[in-house]
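Inside the fold
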Amino acid sequence: MIKTFLAAVILLTATLPATAHVEESEHLTISYPWSRATAPNQKVGAVFMEISTKDGKADRLIGGSTPDAEKVEIHNHIMDGDVMRMRRVDGVEIPAGGSVMLAPGGYHVMLIGLKAPLFEETVIPLTLIFENAGTVEIEAVVEAAGARAASGGPMPKMDMKHESMKNDGMKQGEGHGMSK
Ligand SMILES: [Cu+2]
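Residues numbered from 1 in each chain as written. Predicted model: local features only at pLDDT ≥ 70, side-chain atom pairs only at ≥ 80, totals over all residues.

**Quick word on the overall build of the protein chain**
Looking only at helices and strands, one finds 2 helices and 12 strands in the protein chain. Each helix (α) and strand (β) of the protein chain, taken in turn from the N terminus, gives the series α-β-β-β-β-β-β-β-β-β-β-β-β-α. Taken over 180 residues, the protein chain has a buried fraction of 31%. (Helix = DSSP H or I, 4+ residues; strand = E, 2+ residues; numbered from the N terminus. Buried ≥ 20, exposed ≤ 12 C-beta atoms within 10 Å, placed from the backbone.)

As structure tokens, this is what we get:
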């Protein structure tokens, strides 16, 4: 079943331009995985999607990998006073028979140490690791740099520095969503 799924994905990517899509695995549905184009000197990117469980079992997204970045972490945004900060989390719970949304301003899959800029209308091959479902291969579509802001309201102040970045020797001020 997984092999059929992979074959279908490969066929799709070979025949269709990069576009919004839904990826099915045996236990999970991953809807519209997407990311944002990055500036040439930007070393991080973020991938967003909706993940639903297909059967009565809850699952948990716990990690991932991609050939396009040195490492992949699961992050959340939290409000610290009036400043929004990103934090690495152990995982994202996907409820039984339900879904979780990874979106700007909330949970996201963080790509750290991008090997090349992410260009609009390309795809990022991404392996997601789930506690129960194991690994699921998906491809995230890269949209424009400013695509889909976190909300319609005024943006909170963003602190794009990562806890984890301090240990990676990355310069301050680098972060996704920033174009400097
Ligand atoms: Cu992040």
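**Concerning unusual backbone geometry**
Here the phi dihedral of Tyr32 falls at roughly 50°; this positive angle occurs in a residue that is not glycine. For Tyr32, the location among the structural elements is in strand S2 (residues 28-36). On the basis of neighbour counts, which here come to 14 C-beta atoms within 10 Å, the residue Tyr32 falls in the partly exposed class. For Glu121, which is not glycine, the phi torsion reads 70° and is therefore positive. As for its position among the elements, Glu121 is in the loop between strand S9 (108-114) and strand S10 (123-130). For Glu121, a count of 12 C-beta atoms within 10 Å gives the class exposed.

**Here's the deal with the environment of Trp34**
As for its position among the elements, Trp34 is in strand S2. With 22 C-beta atoms packed within 10 Å, Trp34 lands in the buried category. Discounting chain neighbours no more than four positions away, the residues touching Trp34 are Phe48, Ala140, Val141 and Glu143. (Contact = placed C-beta atoms within 7 Å.)

**Structural notes on the pairing of strand S6 (residues 83-88)**
As a general feature of sheets, a regular strand has side chains that alternate between the two faces. The pairing of strand S5 (residues 69-80) with S6 spans 6 bridges and is antiparallel. Each residue of the ladder has a partner; that of Asn76, found in S6, is Arg87. Following S5, the chain reverses through 2 residues before pairing antiparallel with S6; Gly81 in that reversal takes a positive phi of roughly 65°. (Pairing = 2+ DSSP bridges.)

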